[in-house]
Every structure is written in structure tokens, then in C-alpha cells.
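Commentary on secondary and tertiary structure
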Amino acid sequence: MTSTDVRKDAEDSGPSGYAAARLRLLTEGARSGPPRRSALAELTDDWLSGLFTAGTEDLKGVSLVAVGGYGRGELSPRSDLDLLLLHDGADPKAVAALADRLWYPVWDLGLALDHSVRTPAEARKTAGEDLKVQLGLLDARHLAGDPGLTAGLRTAVLADWRNQAPKRLPELQELCVERAERQGELQYLLEPDLKEARGGLRDATALRAVAASWLADAPREGLDDARRRLLDVRDALHLATGRATDRLALQEQDQVAAELGLLDADTLLRQVYEAARVISYASDVTWREVGRVLRSRAVRPRLRAMLGGGAKPAAERSPLAEGVVEQDGEVVLARAARPERDPVLPLRAAAAAAQAGLPLSLHAVRRLAATVRPLPTPWPAEAREQLVTLLGSGQPTIEVWEALEAEGLITRLLPDWERVRCRPQRNAVHIWTVDRHLIETAVRASEFTRRVSRPDLLLVSALLHDIGKGWPGDHSVAGEIIAKDVAARIGFDRADVAVLSTLVRHHLLLIETATRRDLEDPATVRSVAEAVGSQSTLELLHALTEADALATGPAAWSSWRGSLVADLVKRVAAVLAGDAPDEPAVAAPTAEQERLAIEAVATGGPVLALRAQTELPAEDGPADDPEPLGVELLIAVPDQGGVLPAVAGVLAVHRLTVRTAELRALDLPTGVEGSVLLLNWRVAAEYGSLPQAARLRADLVRALDGSLDIAGRLAERDAAYPRRRGVVAPPPRVTVAPAASRHATVIEVRAQDAPGLLHRIGQALEDAGLRVRSMHVSTLGANAVDAFYVTGADGAPLPADEAASVTRKLEETLRA
């Protein structure tokens, strides 16, 4: 039966004919989705128009208007009919009689009706007082009567909306926020409200209202499809339940899935989550743009006054990383950025945004998605470090990750992510989908990076620990295989790959053993020790266990569970304990290192060499034309006080980030008198080109003789840049490694990497009168993990009380 046939039946038979035609339309198996909603709206239009026209031939200045969802022509099987009877006020009694002829037949059929009778002036006045009324009128559509009356109201309402947008849009945003707090996020709920939850149909309507204001517009790609999908699900829900409900209850999901021709309820939920994610991301971007425009409008008059009515000043651009700048409170690409030649740029931009606590601009993400080339396999070291930095940035990681996800960059970086994306977890303990749970675990793990010696492995294991949930069978077993492949692909060496796969395979081992086994049984503890294998892996697994539980939901972790796990870890650590390692063995110096050392003795000053490290071939150039990743910096300095803070300070002044660093005293060849400190560091420029070796050496000479005020230079530079919210990192932790060396006291520092950090540490050790025999510094993402082998002036390890005092003062210095 065609739509014309259905409408003819309705016209021929009055209300009963409409009811029968409506029933046939809703039970037609061949028609669903937008065609059925449009046909139902047309059928209802014709019926209501017939009711309006009967007996109103002499009535002028009145029209029937559909508003809200009905105005948009989107009628679900149990939708309300939102109607406005608009009149010019000339004949109130006749209008009242007409209203009765319209409303009662609707009620008689059991249809829900939201109705009002107003003049245009009354409608505008009510809209000005009630935001929900105004939103409904934005979708006003003429049904019957005087079309000029309807058109005049539409024009006036749209003009009012645009004129009042600076005031009404913040009200609308507040309504959206309040609703989200009440209803939760559609993309994570097991029984979501398709209309009211964040990312649902209400938010899609709000985005239409923002676009109608002409103040800002939503990113449109995928938005219409997402809205259509939610409407299709709501249609199926209405048909399955026979009720006007928007809540997708568990007991109805299988029937709704069958109504839509989907495999099962999980497939249904995943489609709902994907649609909600599109709408949520569009909402985030749109409201951010609204805020930017409104701030700009508020500031512009003052700027004009200050500039004497001159041209609008260019937006300030503040550098964050190579190819990445901040502008108008967002992270955008620098004008000189070349995504087509820089495959690490998406991760670098994301890490910089998360560290600064700023959103990635939509334009930047889309440009990256459209132009960036794939990363090589295995990833270069910088890409791996930027991923770790992103994962370790705490709460800001989530928004940045979602921006990359929205444009498909995550699955291009990590193809295995596709299987867990938007995957529901039908477990009352879990409050997130699998993919969001993994990111939440990384956020929680970032709080524990001071507890472990390898924060990079902790953060990556947090990201991957449930990656096997997209595969059949035990997700821990499947995840171990996937984790091995992913870890090797992103550039970890064999030993680290083995640790990561162990962490994924056994991420439930501690909590399950602690809560289900007898910890007094030695066999229980030995079995855990055998599975874990080492103290460092146990340390990582303990932190991962807690992060995983905290990211699952409030029911998954408690002080009682935490105490049981801690007790188990203590027992396993005792089993794994052996003789503590002594100071790491030092490799014999290379010919170049000996040459620099001899030259330093001969000249009595510092000597250095810069050697570029390369990993990535240029896109259009020959295979032997690599692009520089960083430099290896070799420095030889006659042994004297203040070398470490001087070198670290000079590098910070020149905006060089220290990735790894080693310091040691070098034994010179026979016949060469003097003592030399050798520093072998890997550094990279924060942005821009690397400084020349001659300039570095000149500044190092000035730093050693005290004529270069490093602290002052660093303070001036910090003051020149605006303060950002940034990441709230865990506080630094300074400890003494027990029995780590017979020849020195080993001070371990774990802290958030920052410009000048190593300079501050070196200066604090220097002020304490300590001599650094050797040091081993590594930067893992945004985390500095450093070990300093120090002695007193007599060359002996520090007494226990002095070592404790030094670590306490150093920690206080770093926290200041």
C-alpha cells in the first residue's frame, strides 16, 4: 500500500480511517526508518488538516502549526503530537470551538498531545520566557489555515532567536549539562535513555538550535546518520513495547535488535553507542566554538577602543611542541607544520594538548586525519614517547583521545582498537564500555607512575590490558597475543614486550588470588611468583591491578581488597627477593670518548660533540635521506664541582629536552694526568632547530665559571609565556634505593618531566655537598625516572640519617 492510498483511507473514513491507516503503516514490514516516519507525519498532516478545514470556511486569521519533533516531520510510532493553534485574536470563541474540534479526536484515539492556542505575540512572549517553547517553535511547520500567519511567526521567532543568541545559548548549554548530570552518558549506559541522556536526541536538537542562531555550527560529518540511527532504535522500541518510552531497557533489547534486523543486543548497543559518541563529540566541539565566539564578542569592543578602531589583531599563537601551537584556547597546527612529512605529528599534537590541558581543534584533527602518512613499523622512539606522554596526562587524556577517535586516527594508529571500540560490558560492576574503560585505566595509572620504575610499561599495559575482549575465549589469553604484537609494533624491545604481555595475561591474577585463595599457603604465593617472574614486574602488576579496579567502578575496589592485594604483593616480593644488584657495569670508553676526554684535559675546559640521530626517511626523498629525530650529545669536562647543574641548565636554556642521560668519571689512558667527567646524553629540541655546538660550548663555559645566570634565564622565559592549566601530575617522589650499591648511595627521583628539572636536581645535590659518581636518567613519556649514585666529600656512601635528610630536602625542593 502506498502513502497515497493510506492518506486516502484516512480522508475517506475520518478518525477511524486514520487509526486503521496508521496501524497498517506501522505494521508494514517493508517500510521503516525515515520513510516510515515521513509517511506517518504526512498521514497525520492530512488527517489534522481535514479536521481543521471542516467547518472553518469563514474563519480567517487562524492556522494550525506543528512544532518540535512533529514540526521536523519525525513521528515515531508513539510520539506526542506537538501542535500550536495560531490566531490573530479576532474571534476567540470561534478559535476555542475549533480547538475542541481538533484536540478531542486526537484524545479519543489515545494519542499523546502537547497543544497550545496563542496569538503570534503570545507565542513570542512565551518563547522569550520558556527556552523549551522557543526551541520547539524553531521547527514550526505549517499544516493548515493561513500560511502567512505561520510564516510571520517563523520569521519573527528565528529573528528573536538570533538576536537573543548571546543570552539564550548559555542557557541552553546549562540545560544540556544539567540533563547530562541527571541522565548520564548515552554511550556508556546499559539501559540508556535515547532522548535525554548526553549524546541523545535532545542534544541533536540542541545542535540544530545552535546552527539556527548563526553563531556557530556543529561538525556535520556523520551527525545526520547518528541522529537517524537513534530515531530508528526509538521507533523499534515503541513498536516492541507498545509504549511511548525512550529508555532502552535490558529486557527489551533483544526484541528491538530483532525488529531492526540486527544480530543481537550487543550489536544494537554498539550502534547506539557509536551514534551517541558522534553527537557527544559534535556537542563538545560546538559548545567550545560558542564559548569562543561569545568571548570574542565580549572582548572586541574593548580592543577596538584600545586600538582606536583599527584592524582586528591577529590571534596570539603560543608554541607547545614542534609543529604544534596554542591559539584561542585550543591546540592547532603551526603554520609551518607538514603532516604529510611528519607521521608522529598526531601523537605529538595530542600529547601536547593533553599536557597543557587544552582541547585539540577540530580543524587540526581533520587535517591530520586527511594528510598524515602512516607510522613505520616499528614506531620511531619519538612516537612511542608521545603515546606514553598522552596516556600519562591524567584526565585531559580522555577529551584528546575522543577527538582522535572521532576522526578515525586511533584505529589507524592501533588497528586492534576497532574490536573494543564502543563494545558494551554486560556486567553491573563495569560502568564504561571496553574502550573507555581502557582509557580510564590509563588515567588512573597515571596517578601511580611514581610507584614504579617503568611508568611507560604501566601506562601501555593499562591501555592494553582488556584488548582481548574483542575476541572469543578468555580475554586475558587473547589479550596476551595481541599485546605482544602491539608492543612490538610500537617499538618496545623484546624484554619490554615480554613484560607487557605478562602484565596483560595476568592482570587479574593479584585480585583473584588475594580474594579467593589462602595466602598462608606457600604454594599460593609461589605460583604467583612464578607467573610474575621479577620484582619490577610485580611492582607494575600491583599498580595495574589497582588502576584497573578503580577504573571499573565503585564496587570493584575497597580498602579491604586493597589490603589483601598489598599483603599478597608483600609475600610474593619476599619470594622473589635475592641479592641486590651493585652499581651497573660501565662499558669501556669508545675512541671518540677518549679523544674528547684527552682534549678536555689539554684545554682545561668542556669539549662536546653533537651527533644527529635519525629514524624516519623523508617521504619524497631517497631512502638514505632520513629526517633528524634528535642528537646524541657527548660532553667531556675536567672534574670539578657544579658540572651536572651547569650542563642541565644550559640544555634547558636552549630548549633541549633530555631523553636519556648518563654521567660517569672516566679513567684516562696511562700517561695522561687529570680526571674527567663524561656525559653521554640524548636530547631533542622542543621545537625549532637544534643549536650549534659552538654556541652550546660557549654557554657551558659561562655556566661553569658562574657568568651565566641559568636560574634567571629560565625564570624570564617562564614569565614570558601565559600560564596554562596543564596536567595535575602526581607529586615527585625521592627515595634511597636500599642496598643498591656498596660504593655509593643511590638516590632515585621520579617526577613529572619539565624544563629545568635536571638542573634543579643537580643544583640541590650540589648545594648538599654531594659528589655524583654516576647517574642514569631516562624520560619515559612525561615521566622522569632518574638514579644518582652519590657520595660525600670523603668519597664514601652517605650515612643512613644523612641520606634520609638529603632525599627529604630534595623532594621538598622539587615540590615547591
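Residues numbered from 1 in each chain as written. Predicted model: local features only at pLDDT ≥ 70, side-chain atom pairs only at ≥ 80, totals over all residues. Heavy atoms only, no water.

1. Let's talk about the overall build of the protein chain
To be explicit about the condition: The secondary structure listing takes helices from DSSP runs of H or I that are at least 4 residues long and strands from runs of E that are at least 2 residues long, numbered from the N terminus. Burial classes follow relative accessibility: with a 1.4 Å probe on protein chains only, a residue under 20% of its type's maximum area counts as buried, one over 50% as exposed, and anything between as partly exposed. Working definition of accessibility: Shrake-Rupley area with a 1.4 Å probe, residue cover restricted to the visible protein chains. Positive charges are assigned to Lys and Arg, negative charges to Asp and Glu, while His and the chain termini are left out of the count. A single reference atom marks each charge: NZ on Lys, CZ on Arg, CG on Asp, CD on Glu.
A count of helical and extended segments in the protein chain gives 30 helices and 15 strands. With respect to the principal axes defined by its C-alpha atoms, the protein chain has extents near 120 × 80 × 55 Å. Across the 816 residues that make up the protein chain, the buried fraction comes to 54%. Of the accessible surface of the protein chain, which amounts to about 35,900 Å², a share of 51% is contributed by carbon and sulfur atoms. Distance from the positive charge centre (97 side chains) to the negative charge centre (115 side chains) of the protein chain: 3 Å.

2. Observations regarding the environment of Ala-551
Using the following cut-off: Any two residues whose heavy atoms approach within 4.5 Å are treated as being in contact.
Assignment of secondary structure puts Ala-551 in helix α23 (residues 535–552). By relative accessible area, which is 2% here, Ala-551 ends up buried. Distance from Ala-551 to Ala-600, taken between C-alpha atoms, is 54 Å for residues 49 residues apart in sequence. Ignoring anything within four residues of it in the chain, the contact list for Ala-551 reads Trp-432, His-437, Glu-440, Thr-441 and Arg-444.

3. A few points about the packing of aromatic side chains
For clarity, the cut-off: Centres within 6.5 Å are what make two rings of Phe, Tyr or Trp a pair, Trp counting through its six-membered ring; a difference in plane orientation under 30 degrees is then read as stacked, over 60 as edge-to-face, and the rest as tilted. Whether a charge sits over a ring comes down to the Lys NZ or Arg CZ being within 6 Å of the ring centre and within 35 degrees of the ring normal.
Summed over the entire model, instances satisfying the criterion amount to 4 aromatic pairs. For the pair Tyr-18 and Trp-47, a centre-to-centre distance of 4.2 Å together with 5° between the ring planes defines the contact as stacked. With Tyr-18 in helix α1 (residues 3–27) and Trp-47 in helix α2 (residues 33–53), this pair connects stretches of sequence that are 29 residues apart. Both residues of the pair, Tyr-18 and Trp-47, count as buried. Taking the ring centre of Trp-214 as reference, the NZ or CZ of Arg-162 above it sits at 3.7 Å. The ring of Trp-432 has Arg-436 sitting right over it, with the charged end atom 4.3 Å from the ring centre.

4. Brief notes about the sheet that holds strand β6 (residues 324–327)
To keep things clear, this is the line we draw: When DSSP finds at least two bridges between two strands, those strands are taken to pair. Helix axes are fitted to C-alpha atoms over the stretch in contact, other axes to C-alpha atoms as well, and angles between N-to-C directions run from 0 to 180 degrees.
The sheet built from 3 strands is open, its strands ordered β5-β6-β7 with antiparallel pairing. The open sheet terminates on both sides in strands that have one partner only, identified here as β5 (317–321) and β7 (330–333). The average undirected angle you get between the axes of adjacent strands in this sheet is 40°. Bridge count between β5 and β6: 4 bridges; the pairing is antiparallel. Bridged to Ser-318 within β6 is Glu-326.

5. Some thoughts on helix α29 (residues 757–767)
Those residues of α29 that sit buried are Leu-757, Leu-758, His-759, Ile-761, Gly-762, Ala-764 and Leu-765. Gly-769 lies just past α29 and shows a positive phi near 75°.

6. Some details on the pattern of salt bridges
For clarity, the cut-off: Counted as salt bridges are all cases of a side-chain nitrogen of Lys or Arg within 4 Å of a carboxyl oxygen of Asp or Glu.
Applying the stated criterion across every chain yields a total of 52 salt bridges. A salt bridge links Arg-277 to Asp-435; the shortest N-O distance between them is 2.6 Å. Taken together, the residues span a long stretch of sequence, with Arg-277 in helix α11 (residues 265–307) and Asp-435 in helix α17 (residues 434–445) at a distance of 158 residues. The same class applies to Arg-277 as to Asp-435, namely buried. Measuring nitrogen to oxygen at the nearest pair gives 3.3 Å for the salt bridge that ties Arg-288 to Glu-399. Of this pair, Arg-288 sits in helix α11 while Glu-399 sits in helix α15 (residues 396–406); the two residues are 111 residues apart in sequence, bridging distant segments of the chain. Owing to a relative accessible area of 18%, Arg-288 belongs among the buried residues under this scheme. Within the structure, one salt-bridge network assembled from shared partners comprises Arg-72, Glu-74, Asp-139, Arg-208 and Arg-227.

7. Let's talk about the pairing of strand β3 (residues 113–118)
Defined as follows: Here a crossover is taken to be right-handed if, once the strands point away from the viewer, the path from the first strand over the helix to the second is traced clockwise.
Across 6 bridges, strand β2 (residues 81–87) lies against β3 in parallel orientation. Bridged to Leu-83 within β3 is His-115. Each parallel crossover has a hand, and for β2 linked through helix α4 (residues 92–108) to β3 it is right-handed.

8. Considerations on helix α12 (residues 345–356)
Owing to its 3.6 residues per turn, the α-helix aligns residues three or four sequence positions apart on the same side. What counts, and what does not: Given the number of residues in a helix, its expected span is that number minus one, multiplied by 1.5 Å.
Between its terminal C-alpha atoms α12 stretches 16 Å, which fits the 16 Å expected from 12 residues at 1.5 Å a residue. The element α12 is largely enclosed, with a buried count of 11 among its 12 residues. Within the sequence span of α12, burial applies to Leu-345, Pro-346, Leu-347, Arg-348, Ala-349, Ala-350, Ala-351, Ala-352, Ala-353, Ala-354 and Ala-356. Just beyond α12, the residue with positive phi is Gly-357, at close to 70°.

9. Some thoughts on the sheet that holds β2
Pairing between the strands of a sheet is mediated by backbone hydrogen bonds and can be parallel or antiparallel. Taken in spatial order, the 4 strands of this open sheet run β3-β2-β1-β4, and their pairing is mixed. Unpaired on one side and paired on the other, β3 and β4 (141–145) mark the two borders of the sheet. Within the sheet, the average angular offset between the axes of one strand and its neighbour, ignoring direction, is 20°. Most of the contacts of α4 go to β3, to which it runs at about 175°, and overall it touches β1 (62–66), β2 and β3. Sheet contacts for helix α5 (residues 120–129): β2 and β3; angle to β3, the most-contacted strand, approximately 120°.

10. Regarding empty space enclosed by the protein
Gaps left between atoms show up when a probe the size of a water molecule is rolled over them. Where we set the bar: Grid points spaced at 1 Å over the protein atoms alone were grouped into cavities, where a 1.4 Å probe fits but cannot get out, and pockets, open sets with protein on both sides within 12 Å along at least five of seven lines, with lining residues defined by an atom within 4 Å of a point. Grid points are joined across faces, edges and corners, and a volume is the space filled by probe spheres set on the points. Gly is placed with the polar residues, together with every amino acid not listed as nonpolar (Ala, Val, Leu, Ile, Met, Phe, Trp, Tyr, Cys and Pro) or charged (Asp, Glu, Lys and Arg).
A full pass over the atoms with the stated rule returns 5 cavities of 30 Å³ or more. If you add up the space inside the largest cavity, you get close to 80 Å³. Considering the residues around the largest cavity, the lining is formed by Gln-187, Tyr-188, Arg-277, Ile-398, Trp-401, Glu-402, Glu-405, Trp-417, Asp-435, Arg-436 and Ile-439. For the lining of the largest cavity, the secondary structure elements donating two or more residues are α15 and α17. In terms of residue count, the dominant contributor to the lining of the largest cavity is α15 (4 residues). Residues belonging to the lining of the largest cavity are distributed by class as follows: 5 nonpolar, 1 polar and 5 charged. Considered as a void within the structure, the second largest cavity measures approximately 60 Å³ in volume. Every residue along the wall of the second largest cavity is listed here: Tyr-281, Asp-284, Val-285, Arg-288, Pro-359, Leu-360, Glu-399, Glu-402 and Ala-403. At the level of secondary structure, the elements contributing two or more residues to the lining of the second largest cavity comprise α11 and α15. Broken down by element, the lining of the second largest cavity gets its largest block of residues, 4 residues, from α11.

11. Overview of the nonpolar core
Where a protein is soluble and globular, its nonpolar side chains tend to be buried together. We apply this condition: Among buried residues, those of type Ala, Val, Leu, Ile, Met, Phe, Trp, Tyr and Cys that are joined through side-chain atoms within 4.5 Å constitute a nonpolar core.
Core analysis: the largest hydrophobic core is formed by 94 residues, its most contacted members being Leu-360, Trp-379, Trp-401, Leu-414 and Trp-417. Top contributing element to this core by residue count: α12, with 9 residues. Counting 49 residues, the second largest nonpolar core, distinct from the first, contains Ala-648, Leu-651, Ala-652 and Ile-710.

12. Concerning the side chain of Thr-745
The condition is simple: Whenever two N or O atoms come within 3.5 Å, that pair is a polar contact, provided that in protein one can donate a hydrogen and the other can accept it, and provided that, for residues adjacent in sequence, both atoms are side-chain atoms.
With respect to the element layout, Thr-745 can be found in strand β13 (residues 745–752). A distance of 2.8 Å separates the side chain of Thr-745 from the backbone nitrogen of Leu-798, its partner in a polar contact. If we skip the residues at most four places from it in the chain, Thr-745 touches Val-736, Phe-788, Tyr-789, Val-790, Pro-797, Leu-798 and Ala-803.

13. A closer look at the confidence of the model for the protein chain
As a reminder of what qualifies: Note: pLDDT gives the predictor's confidence per residue, expressed from 0 to 100.
Looking at the protein chain as a whole, its pLDDT mean stands at 88, while 90% of the residues score no less than 70. Considering each helix and strand of the protein chain separately, the mean pLDDT is smallest for strand β8 (residues 607–617), with a value of 68, and largest for helix α18 (residues 455–464), with 98. Predicted confidence for residues 616–628 stays below pLDDT 50, and this span has 25 contacts to residues more than four positions away or in other chains.

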